[in-house]
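# Residue-level structural notes
In case you want the letters, here they are:
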2 protein chains.
Amino acid sequence: MSMLSRRDFLRAVGVTGGAGTMFATMGALGLAPAAVAAPDFEPPKASDYHLKGRTAGSVVVLGAGVAGLVSAYELGKAGYRVTVLEPRDRPGGRNLTIRGGDQLTELNGFHQRARFSRGQYMNAGAARIAQWMVTLDYCRELGVPIEVFTNSNADAYIHHSSMPPGKPVRFRTAKADTYGYVSELLAKATNQGALDAELTAEDRERLTEFLTDFGALGDNLKYTGSSRRGFTTWPGEAGVPGEVLGGVPTVSEVFASGVGRHFSFEFEFDQAMLMFQPVGGMDMLPRALTRAIGPQKIKLGCRVTSLTQTSTGVTVVYTDAAGRSRSLTTDYAIAAMPPHLLTGLTHNLGADVTAALSAIQPFSAGKIGLEYRSRWWETDHRVYGGITTTDSELFTVWHPSYGYHGTRGVLIGYYHFADVAERYAAMPPAERESTAVALGERIYGAKYRTELDSSFSVAWSRVPHLESAWHVRTDSPQSPIFKPLVDPAGRVLFAGDWLSNMDAWQHGAIEAARRAVTKLHARALY
Amino acid sequence: MSMLSRRDFLRAVGVTGGAGTMFATMGALGLAPAAVAAPDFEPPKASDYHLKGRTAGSVVVLGAGVAGLVSAYELGKAGYRVTVLEPRDRPGGRNLTIRGGDQLTELNGFHQRARFSRGQYMNAGAARIAQWMVTLDYCRELGVPIEVFTNSNADAYIHHSSMPPGKPVRFRTAKADTYGYVSELLAKATNQGALDAELTAEDRERLTEFLTDFGALGDNLKYTGSSRRGFTTWPGEAGVPGEVLGGVPTVSEVFASGVGRHFSFEFEFDQAMLMFQPVGGMDMLPRALTRAIGPQKIKLGCRVTSLTQTSTGVTVVYTDAAGRSRSLTTDYAIAAMPPHLLTGLTHNLGADVTAALSAIQPFSAGKIGLEYRSRWWETDHRVYGGITTTDSELFTVWHPSYGYHGTRGVLIGYYHFADVAERYAAMPPAERESTAVALGERIYGAKYRTELDSSFSVAWSRVPHLESAWHVRTDSPQSPIFKPLVDPAGRVLFAGDWLSNMDAWQHGAIEAARRAVTKLHARALY
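My aim in this report is to walk through the structure given alongside it, one point at a time.

Our focus in this paragraph is the relation of the copies chain B and chain A. Aligned on chain A, chain B shows an RMSD of 0.0 Å; the corresponding rotation is 180 degrees and the shift along the axis is 0.0 Å. Such a combination of turn and shift is consistent with a two-fold rotation axis. When C-alpha positions in chain B are compared against the rotation axis, the closest is assigned to B:Leu186, at 2.7 Å. When the interface residues of chain B are mapped onto chain A, 100% of them again lie at the interface, so the same face is used by both copies.

Below you can see the structure in the form of structure tokens.
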């Protein structure tokens, strides 16, 4: 397990963020090797072969996660004979949607069977898609309907342990106060001449105009609260002008509360709204890929034990779902399984491949889905979607982005990482639930406990055949030590988000798969 | 028509906002009479009568807009015999969804028949619902499914006439630069001691920590750009770390561009995301209300000409859909039609009612829906929903919040107010379209013209029987001059968003309707 502390990790990737943005950001800021323009992906085409009078070869893909499925899909479109070997009982990998009846036995034996109601689900792994991500292109191409994923909500809460139980602050209120005081302070400094060296008179005038609007400052450029904080009584009919939420904290209180550290999350290139999700569950994407590939080409319950490449092909030995040992020889292979499990195979890929794989280590995260008998967050809190942030070990609580106004709903009760995730991984699921509910109750009050129906939790480090939430590398993916994986000499190519600049994102898995497919096709053709 | 200038109007209600928030904000800030806690609405119940051994009376409702429909719905639930008279050919009023085949003849004779494709629509009037608004409660109660309305999007554009054509800036980029420089300047002022009178040493340390994160400042507390601006090449597979969008403007350029004035829109109490809309069109709400009331109780094509109240009832004379003059006598009436048209009826409500109605004047707004043969904004711009802002007379361009990845889509090509709206109202629809497309092309490029299929525009001041987008009052709705409408002496009650603190919002119409219903019921019972 990674030894990153929670604090280090959060600092690195943004308090409540996904992950895997470290190297992208480093690259972006010139800390990593210079950016290379991404070539547009040209999918292999069957006609590429016909022009040469040849037929496409055979490929075995190890792992039916998103990288493996996209590899198989793109190769299949070009006529390659593809077999996907997957040790789990369903395709998708860490794109995992849990519905009623789904089962999970974690590595230490904890067994759960989801009791979610019909129509209710949790996306236990991949959960959000930014507009620029290639993941959306596959949703479009495969006809997977999408809807908004509510990554930010002005009405969601911030709750810190320094606040009284049941007295969280809404994002809209925290922002109004923070932006109000930031504007007041900067307007004052500007007007006192503190920034005359940096700003012209015209700049200062424009800046002050901006701050007045941005901070909702009064005529004397003071912040004293505004309707942006929200209302105790909302404006209604004539006679009910509304009563703005009072109790404006002082500037010292605002910055001491630390609420402001949660704002930048929604500015990040991979987290800014609008974000999206497939309608009905994130696994609608692997399901659609599976249909497009042909389900018969994906062999479930098949655990690979060895991988041998020769000058003419690749031989894989695996144990099938019935427990029989089998072998398969193909022209090429794409290894799209977790790198730290790949090192456990018997293989002849060489020491440099093993060294590269060993530089990619698993990282822990966990999520719990809590199904409630009512959508009390909508009726009692007027919170429709979005993410509440806390400094407790829940890290975040996610309101569902589907099923608004329904009778039931599934909250994500925590999404945490690293050492905290490992601590929860060691708890029996019932204890995870009781711990999560006790902490959530401090934010939302009694219904967080009384309306609960059932829960399902996933400790990613304990999920068989995956054994991690994502990975951390000792170096940038552009480092020469990963060259044996990025540009391998033989007939085995590699794909996964762990071989991209977007770790933990399907976008990274897909881009890496496209690179592997492009290389394989080029090699096969010439 | 209102004589408010666009500039005055925009200053009053927020650049790109809806409207009607002036008095709410004034009330909120203590400029209007003190806030009164809104009593929880207690719907009239049939049992209220049974307890008294009486039966509920009869009510005529003038106008089947949202206020009229909610009045009829709530009274109907309690057993009142309700008749709704509506001069237009459908219920809903300014909650108007335009689909293929819908027709509109504006007052000056301009006729349009919508050619939108199946499944495509525009919400020509009411279009968004905030989480706290009572409108959502009716969606829940009536089983109207809702989805996110994309009121803000980091990837939507800002385009000012000072920017080159086809070179808008994305909100994410504009925010990164503005917040970056604001943070740098305030950190500098703070560290130079300019705010030592306002801030303790601890405050200053916390503020600097906040600013470093909020502005993505470097170690020297300088802003030099960040990945929050977006990328020229997005991070991808190993070897493609991504290339951050360059060309960071100077601090002077940022504030001279004026982009920052568009940010506060999303902090406002009535506009902050998350916002919602009914699935399939805003008129799913009036349709559901109509079903619940009983469609036979809503008489379409019926134009009221006179309203006479006596000590025992109310008599309404109207012309029905066949052109026959009819009259109807009921126990009570609720006048839920536009106040400036109500003054045109022959009535005996008294001079104070006429004076109050005359203090509520119509205001102009217009929208155009542009149907495109492709969703080029998704494929070419990676913009999925949200609102682009411009300083041109388009004011805003709205990307659809439905039909993602479909073959077609309807943009709202402008949503403008006051004098600009009046200028467009005077143009034939074809000219509105060509003018709007020429301006939109400056933002989005050639496809804004070449992919266009058809358009439909609504100039609200010219829509028969409505003749306004919303209203402006000479004073707060709490002013005594409106008492004859808010608390009328006789058997005629009044309802509409124009009698609320949320003009132009369905929330205001509903709250006013609930007040009228409550008063009517109290009066009828005792």
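Under the defined criterion, the tally for this structure stands at 7 cavities of 30 Å³ or more. Of the pockets and cavities examined, the largest cavity occupies roughly 500 Å³. Mapped onto the lining of the largest cavity, the elements with two or more residues apiece are α6 (171-191) and β22 (386-390) of chain A together with α6 (171-191) of chain B. Broken down by element, the lining of the largest cavity gets its largest block of residues, 6 residues, from α6(B). In the lining of the largest cavity, the residues fall into 18 nonpolar, 11 polar and 7 charged.

Here we come to the interface of chain B and chain A. Note: interface size is frequently given as the accessible area lost on complex formation between the parts. Contacts between the two partners involve 98 residues from chain B, matched on the other side by 98 residues from chain A. Summed over both sides, the interface of chain B with chain A buries roughly 8,500 Å², with 64% coming from carbon and sulfur. Where chain B meets chain A, there are 6 salt bridges. In this structure, B:Asp137 engages A:Arg382 in a salt bridge whose closest nitrogen and oxygen atoms are separated by 2.7 Å. Remark: the boundary between chain B and chain A carries 40 residue pairs in polar contact (both at pLDDT 80 or more). Sort the elements by how many residues they give to the side of chain B that touches chain A and α6(B) lands first, with 8 residues. Residues of the side of chain B that touches chain A, tallied by class, amount to 53 nonpolar, 26 polar and 19 charged.

Glancing now at the packing of aromatic side chains. Summed over all chains, the structure comprises 68 aromatic pairs over all chains. Between A:Trp376 and A:Tyr448, the ring centres sit 5.8 Å apart and the planes meet at 65 degrees, which makes this aromatic pair edge-to-face. Residue A:Trp376 is found in helix α12 (residues 376-379), and its partner A:Tyr448 is found in helix α15 (residues 447-450); the two are separated by 72 residues along the sequence. Assessed through its relative accessible area of 1%, A:Trp376 is described here as buried. One residue, B:Arg491, lies across the ring of B:Tyr332, its end atom 4.8 Å from the ring centre.

All names here are of chain A. One can describe the packing of helix α5 (residues 134-142) onto helix α9 (residues 284-293) by two numbers: an axis separation of 10 Å at closest approach and a directional angle of 55 degrees. By the angle class used here, α5 and α9 are oblique. As for how α5 packs across α9, the hand of that crossing is left-handed. Of the residues in α9, those in contact with Thr135, Tyr138, Cys139 and Leu142 of α5 are Leu285, Ala288, Leu289 and Ala292.

Quick look at the sheet that holds strand β7 (residues 129-130) of chain A now. Residues and elements named next belong to chain A. Overall, antiparallel pairing links the 3 strands, which are arranged β7-β13-β8 in an open sheet. What marks the edges here is a single partner per strand, and that holds for β7 and β8 (146-149). As defined by bridge partners, β7 adjoins strand β13 (residues 275-278) across 2 bridges and the pair is classed as antiparallel. Residue pairing in the sheet places alanine 130 in a bridge with methionine 275 of β13.

Residue and element names in this part refer to chain B. Considering the arrangement of structural elements, one finds glutamate 147 in strand β8 (residues 146-149). One buried charged side chain, glutamate 147, makes no salt bridge at all; its nearest oppositely charged neighbour is arginine 375, positioned 9.6 Å away. A distance of 2.8 Å separates the side chain of glutamate 147 from the side chain of glutamine 277, its partner in a polar contact. Apart from the residues within four sequence positions on either side, glutamate 147 is in contact with Tyr121, Met275, Phe276, Gln277, Pro278, Val279, Gly280, Ser401 and Tyr402.

Quick look at the sheet that holds strand β17 (residues 325-330) of chain A now. Residue and element names in this part refer to chain A. One open sheet holds the 4 strands; their spatial order is β17-β16-β15-β19, and the pairing between them is mixed. In this open sheet, the two strands that pair with only one neighbour each are β17 and β19 (346-347). Bridge analysis of strand β15 (residues 303-309) against strand β16 (residues 314-319) gives 6 bridges, and the strand direction is antiparallel. Bridging from a neighbouring strand, glutamine 309 pairs with valine 314 of β16.

A word on the pattern of salt bridges. Applying the stated criterion across every chain, the model contains 66 salt bridges over all chains. For B:Asp102, the salt bridge goes to B:Arg90, with nearest N and O atoms at 3.2 Å. Linking B:Asp102 in the loop between β3 (97-99) and β4 (103-105) with B:Arg90 in the loop between β2 (81-86) and β3, this pair joins segments that are 12 residues apart in sequence. On the accessibility criterion, B:Asp102 (18% relative accessible area) is buried. Via salt bridges that share partners, A:Glu371, A:Arg373, A:Arg408 and A:Asp453 belong to a single interconnected network.

The terminal C-alpha atoms of helix α7 (residues 201-214) of chain A, which comprises 14 residues, lie 20 Å apart, in line with the 20 Å expected from a rise of 1.5 Å per residue. Residues of α7(A) that are buried: A:Asp203, A:Leu207, A:Thr208, A:Phe210, A:Leu211 and A:Phe214. One side of α7(A) holds all its buried residues, which, seen down the axis, span an arc of 165 degrees. When the buried face of α7(A) is taken as reference, the exposed residues oriented beyond 90 degrees from it are A:Ala201, A:Glu205 and A:Glu209. Elements in contact with the buried residues of α7(A): α6 of chain A together with α6, α7 (201-214) and α8 (251-257) of chain B. In the stretch just after α7(A), A:Ala216 is the one whose phi turns positive, near 55 degrees.

Before going further, it helps to examine helix α5 (residues 134-142) of chain B. Residue and element names in this part refer to chain B. Across the 9 residues that make up α5, a large majority, 7, are buried. Considered for burial, the residues of α5 that qualify are Val134, Thr135, Leu136, Asp137, Tyr138, Cys139 and Leu142. Contact partners of the buried residues in α5: α4 (66-77), β7 (129-130), β8, β13 (275-278), α9 (284-293) and α17 (506-525). Once α5 ends, the next one or two residues include glycine 143, with phi positive near 70 degrees.

Residue and element names in this part refer to chain A. In strand β18 (residues 332-335), alternate side chains face the same way, and those of Tyr332 and Ile334 on one face and Ala333 and Ala335 on the other are all buried. One ladder, built from 4 bridges, connects strand β1 (residues 58-62) with β18; its direction is parallel. Paired with leucine 62 across the strands is alanine 335, a residue of β18. In terms of strand pairing, β18 meets strand β27 (residues 492-494) through 3 bridges, oriented parallel.

Next up on the list: the side chain of B:Ser500. As for its placement among the helices and strands, B:Ser500 is situated in the loop between β27 (492-494) and α17. Of the residues examined, B:Ser500 reaches a relative accessible area of 0% and is grouped as buried. Only 2.8 Å separates the side chain of B:Ser500 from the backbone oxygen of B:Asp497, close enough to count as a polar contact. Within the structure, the side chain of B:Ser500 is placed 2.9 Å from the backbone nitrogen of B:Met502, a separation counted as a polar contact. Dropping the residues within four chain positions of it, B:Ser500 is found in contact with A:Gly236, A:Glu237, A:Ala238, B:Arg473, B:Pro477 and B:Gly508.

Cut-offs used in this document
Residues numbered from 1 in each chain as written. Chains lettered and ligands numbered in written order. Predicted model: local features only at pLDDT ≥ 70, side-chain atom pairs only at ≥ 80, totals over all residues. Heavy atoms only, no water. Least-squares fit on C-alpha atoms with pLDDT ≥ 70 in both. Contact = heavy atoms within 4.5 Å. 1 Å grid on protein atoms, 1.4 Å probe; cavity = no way out; pocket = protein on both sides within 12 Å on 5 of 7 lines; lining within 4 Å. Points joined across faces, edges and corners; volume = space filled by probe spheres on them. Helix = DSSP H or I, 4+ residues; strand = E, 2+ residues; numbered from the N terminus. Nonpolar A, V, L, I, M, F, W, Y, C, P; charged D, E, K, R; others polar. Buried area = accessible area lost by both parts, 1.4 Å probe. Salt bridge = Lys/Arg side-chain N within 4 Å of Asp/Glu carboxyl O. Polar contact = N/O pair within 3.5 Å; in protein donor to acceptor, adjacent residues only side chain to side chain. Phe/Tyr/Trp six-rings, centres within 6.5 Å; stacked < 30°, edge-to-face > 60°. Buried < 20%, exposed > 50% of the residue type's maximum accessible area, 1.4 Å probe, protein only. Lys NZ or Arg CZ within 6 Å of the ring centre and 35° of its normal. Axes fitted to C-alpha atoms, helices over the stretch in contact; angles between N-to-C directions. Parallel < 35°, antiparallel > 145°, perpendicular 65-115°, else oblique. Left-handed = near helix turned anticlockwise from the far one by under 90°. Pairing = 2+ DSSP bridges. Lys, Arg positive; Asp, Glu negative; His and termini not counted. Expected span 1.5 Å × (residues − 1). Arc of directions from axis to C-beta.

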